[in-house]
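What the coordinates show
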Amino acid sequence: MFKVHAIPPERLPELLSLMPKAELHIHIEGSLEPELIFALAKRNDVQLPYADVAALRSAYAFTNLQSFLDLYYAGASVLLHEQDFYDMAWAYFEKAKADHVVRAELFFDPQTHTARGVAMGAVIEGLSRACRDAHTQLGISADLILCFLRHLSEDEALATLEEAMPWREHFIGVGLDSSELGHPPEKFARVFARARELGLHCVAHAGEEGPPAYIWGALDVLQVERIDHGVQAIHDAGLMQRLADSQMPLTVCPLSNLKLCVFKNLADHNLGQMLDAGLCITLNSDDPAYFGGYLNDNYLQTFAALHLNAQQAYKLAANSIEASFAPEADKHRWMHELKACFQGFAEQD
Ligand SMILES: Nc1ncnc2[nH]cnc12
Ligand SMILES: [Zn+2]
């Protein structure tokens with residue numbers, strides 16, 4: 001076993017950047033950079049209520065989740081054709097490659113697009129083609145997770161799942177996102193039961209802004225395999241124990257939490273406390289184009305603000321690989337690569 005203590009702290013940023021890692025919480029529509037929004041608006045003849053890229057970027061000052069979602073859905077309005085979805089995902093994969101992401105599980109929000117008259121096939125086929133090319137051209141293993149918008153009804157979620165069935169082999173799971181408060185997991189019990197029947201993986205946003213009760217609901221009613229965010233669990237000792245005992249993965253997104261004012265400063269983030277409590281924490285970017293950073297930015301800034309160490313870096317990267325829905329053989333290979341990466345840093349010392 002490598003000696004983590006042999007890795008000098010000044011080499012930590014390099015190690016964080018180079019270590020192989022998985023990203024399990026990225027909304028692909030949240031990777032749409034202002035430059036691409038404007039390029040697609042021009043290509044598709046869509047009018048935007050902003051004069052230019054700088055004006056749009058300057059609107060990225062959020063006070064809570066809803067203030068962000070309003071802009072996020074407006075940004076997605078430029079996506080109309082299969083090629084648009086491909087281009088968006090490809091731009092993300094190029095960033096992911098630079099960040100040494102070996103596995104990416106991409107959330108997408110079909111209802112945001114089908115409500116505007118975009119065909120389900122255009123959405124899924126464009127994203128799916130980009131995932132295939134990411135594998136063959138960049139060596140990134142990638143899959144899609146279809147998310148239901150929780151501010152809409154469960155009947156609409158059920159109809160969306162059925163509408164996506166012709167493309168069943170193009171996605172591996174379902175998720176639950178959008179406005180959390182006032183939309184508890186229980187509202188989606190039937191559609192998640194149906195998804196489980198179909199053999200789909202189940203995850204849900206819970207405890208981003210919402211109370212610990214929403215995390216209990218996601219676990220017990222939706223029977224999820226991962227909790228997205230989950231940072232509000234800290235307020236419920238029984239829930240913390242349950243999460244630790246079950247090693248339920250949490251996909252935590254520190255820069256997102258900072259930009260959406262869940263924590264006032266990154267130094268106030270509870271990720272270190274949750275790691276110390278023995279929870280299975282992973283680090284992710286959520287909506288990198290809106291929150292000021294991709295995956296490595298999240299690692300680098302969080303480690304600097306919370307004074308985390310190489311042991312914790314290893315744990316977070318290992319958790320991300322183990323908590324992914326990739327085939328076991330791939331996970332095994334990435335774990336080997338991760339160990340070799342740390343070994344290399346320890347030996348050079
Ligand atoms: N952070 C987030 N929470 C809920 N829904 C989202 N959709 C995109 N980003 C989201
Ligand atoms: Zn999210």
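Conventions adopted
Residues numbered from 1 in each chain as written. Chains lettered and ligands numbered in written order. Predicted model: local features only at pLDDT ≥ 70, side-chain atom pairs only at ≥ 80, totals over all residues. Heavy atoms only, no water. UniProt positions renumbered as here; feature names shortened; annotations may be inferred. Core = buried A, V, L, I, M, F, W, Y, C linked by side-chain atoms within 4.5 Å. Buried < 20%, exposed > 50% of the residue type's maximum accessible area, 1.4 Å probe, protein only. Helix = DSSP H or I, 4+ residues; strand = E, 2+ residues; numbered from the N terminus. Contact = heavy atoms within 4.5 Å. Donors = N, O, S within 2.8 Å, 3.2 Å for Na, K, Ca; no water. Tetrahedral: all angles 85-135°; square planar, octahedral: opposite > 155°, others 65-115°. Phe/Tyr/Trp six-rings, centres within 6.5 Å; stacked < 30°, edge-to-face > 60°. Lys NZ or Arg CZ within 6 Å of the ring centre and 35° of its normal. Disulfide = S-S within 2.5 Å. Lys, Arg positive; Asp, Glu negative; His and termini not counted. Salt bridge = Lys/Arg side-chain N within 4 Å of Asp/Glu carboxyl O. Polar contact = N/O pair within 3.5 Å; in protein donor to acceptor, adjacent residues only side chain to side chain. Near = heavy atom within 4 Å. Areas by Shrake-Rupley, 256 points an atom, 1.4 Å probe, with all protein chains shown as cover. Nonpolar A, V, L, I, M, F, W, Y, C, P; charged D, E, K, R; others polar.

An unreviewed UniProt entry annotates the protein chain as Adenine deaminase of Limnohabitans planktonicus II-D5. What UniProt records for the protein chain under Catalytic activity (unreviewed entry) is the sentence "adenine + H2O + H(+) = hypoxanthine + NH4(+)". Turning to the protein chain, the UniProt annotation filed under Function (unreviewed entry) states: "Catalyzes the hydrolytic deamination of adenine to hypoxanthine. Plays an important role in the purine salvage pathway and in nitrogen catabolism."

Describing the nonpolar core
Among the nonpolar cores identified, the biggest contains 120 residues, and Phe93, Phe171, Phe192 and Phe342 are the most heavily contacted of them. Ranked by residues supplied to this core, first place goes to helix H7 (residues 120-138) with nine residues. If sequence neighbours within four positions are ignored, Phe342 has contacts with Phe2, Val4, Ile7, Leu15, Met19, Ala310, Ala313 and Tyr314. With six residues, the next largest nonpolar core counts Phe107, Ile145, Cys147 and Ile172 among its residues.

As for the coordination of the zinc ion (ligand 2)
Those donors, His25 (NE2), His27 (NE2), His205 (NE2) and Asp286 (OD), are the protein atoms that reach the zinc ion (ligand 2), and they lie 2.0 to 2.2 Å from it. Between the four donor atoms coordinating the zinc ion (ligand 2), the angles at the centre fall across 84 to 175°, so the site counts as irregular. According to the relative accessible area criterion, His27 is buried, its value standing at 4%. Residue His205 is classed as buried on the basis of its relative accessible area of 4%.

Brief notes about the packing of aromatic side chains
The final tally for this structure, using the stated rule, is 14 aromatic pairs. Judged by centre distance (4.8 Å) and plane angle (50°), the ring pair of Phe68 and Phe291 falls under tilted. Here Phe68 is found in helix H4 (residues 65-75), whereas its partner Phe291 is found in helix H14 (residues 288-291), with 223 residues between them in sequence. The class of Phe291 is buried, set by a relative accessible area of 0%. The ring of Tyr299 has Lys21 lying over it, and the distance from NZ or CZ to the ring centre is 5.7 Å. Directly above the ring of Phe325 sits Arg226, whose terminal nitrogen or CZ lies 4.1 Å from the centroid.

Describing the state of the cysteines
Here the structure, examined in full by the defined rule, presents zero disulfides. In this structure Cys280 is a free cysteine whose sulfur lies 14 Å from that of Cys253, the closest cysteine sulfur available. Cys341 carries a free sulfur, and the closest cysteine sulfur to it, the one in Cys280, is 19 Å from it.

Some thoughts on the side chain of Glu180
With respect to the secondary-structure elements, Glu180 resides in the loop between strand S4 (173-177) and helix H9 (189-197). Here Glu180 occupies a buried position and makes no salt bridge, while the nearest side chain of opposite charge, Arg150, is found at 4.7 Å. For Glu180, the side chain forms a polar contact with the main-chain nitrogen of Gly207, separated by 2.7 Å. Excluding residues that lie within four positions of it along the chain, Glu180 makes contacts with Leu65, Arg150, His205, Ala206, Gly207, Glu208, Glu209, Gly210 and Tyr214.

Observations concerning the environment of Leu176
Relative to the elements of secondary structure, Leu176 occurs in strand S4. Between the C-alpha atom of Leu176 and that of Ala206, which follows or precedes it by 30 residues, the distance is 8.6 Å.

So, the UniProt feature "binding site: Zn(2+)" (unreviewed entry) in the protein chain
UniProt marks His25, His27, His205 and Asp286 with the feature "binding site: Zn(2+)" (unreviewed entry), using the numbering shown here. A compact arrangement is adopted by the annotated residues: their sequence extent is 262 residues, whereas the largest C-alpha distance between any two is 11.6 Å. Locating His25 in the fold gives a position in strand S1 (residues 21-27). Among all residues touching His25, those that are not within four sequence positions of it are Glu105, Phe107, His205, Asp228, His229, Thr251, Cys253, Asn284, Ser285 and Asp286. A polar side-chain atom of His25 sits 3.3 Å from a polar atom in the side chain of His27.

Section: the UniProt feature "site: Important for catalytic activity" (unreviewed entry) in the protein chain
Under the local residue numbering, the UniProt record ascribes the feature "site: Important for catalytic activity" (unreviewed entry) to His229. For His229, a relative accessible area of 0% puts it in the buried group. Here His229 is in contact with His25, His205, Ala206, Gly207, Glu208, Leu250, Thr251, Val252, Cys253, Ser256, Asn257 and Asp286, once residues within four sequence places are set aside. There is a polar contact of 3.3 Å between the side chain of His229 and the side chain of Glu208.

Re the site of ligand 1
Taken together, His27, Leu65, Phe68, Leu69, Tyr72, Asp177, Ser178, His205, Glu208, His229, Asp286 and Asp287 make up all the residues around ligand 1. Within the side chain of His27, a nitrogen or oxygen atom sits 3.4 Å from a nitrogen atom of ligand 1. Coverage of ligand 1 by the protein amounts to 100% of the 260 Å² it exposes when considered alone. Of the residues forming the shell around ligand 1, the biggest block, four residues, is contributed by H4. The class makeup of the residues in the shell around ligand 1 is four nonpolar, four polar and four charged.

Some points on the pattern of salt bridges
Counting across every chain of the model gives 16 salt bridges. With its nearest N and O atoms 2.9 Å apart, the salt bridge here joins Glu105 to Arg103. On the accessibility criterion, Arg103 (0% relative accessible area) is buried. Across the salt bridge formed by Asp330 and Arg333, the nearest N and O atoms sit 2.7 Å from each other.

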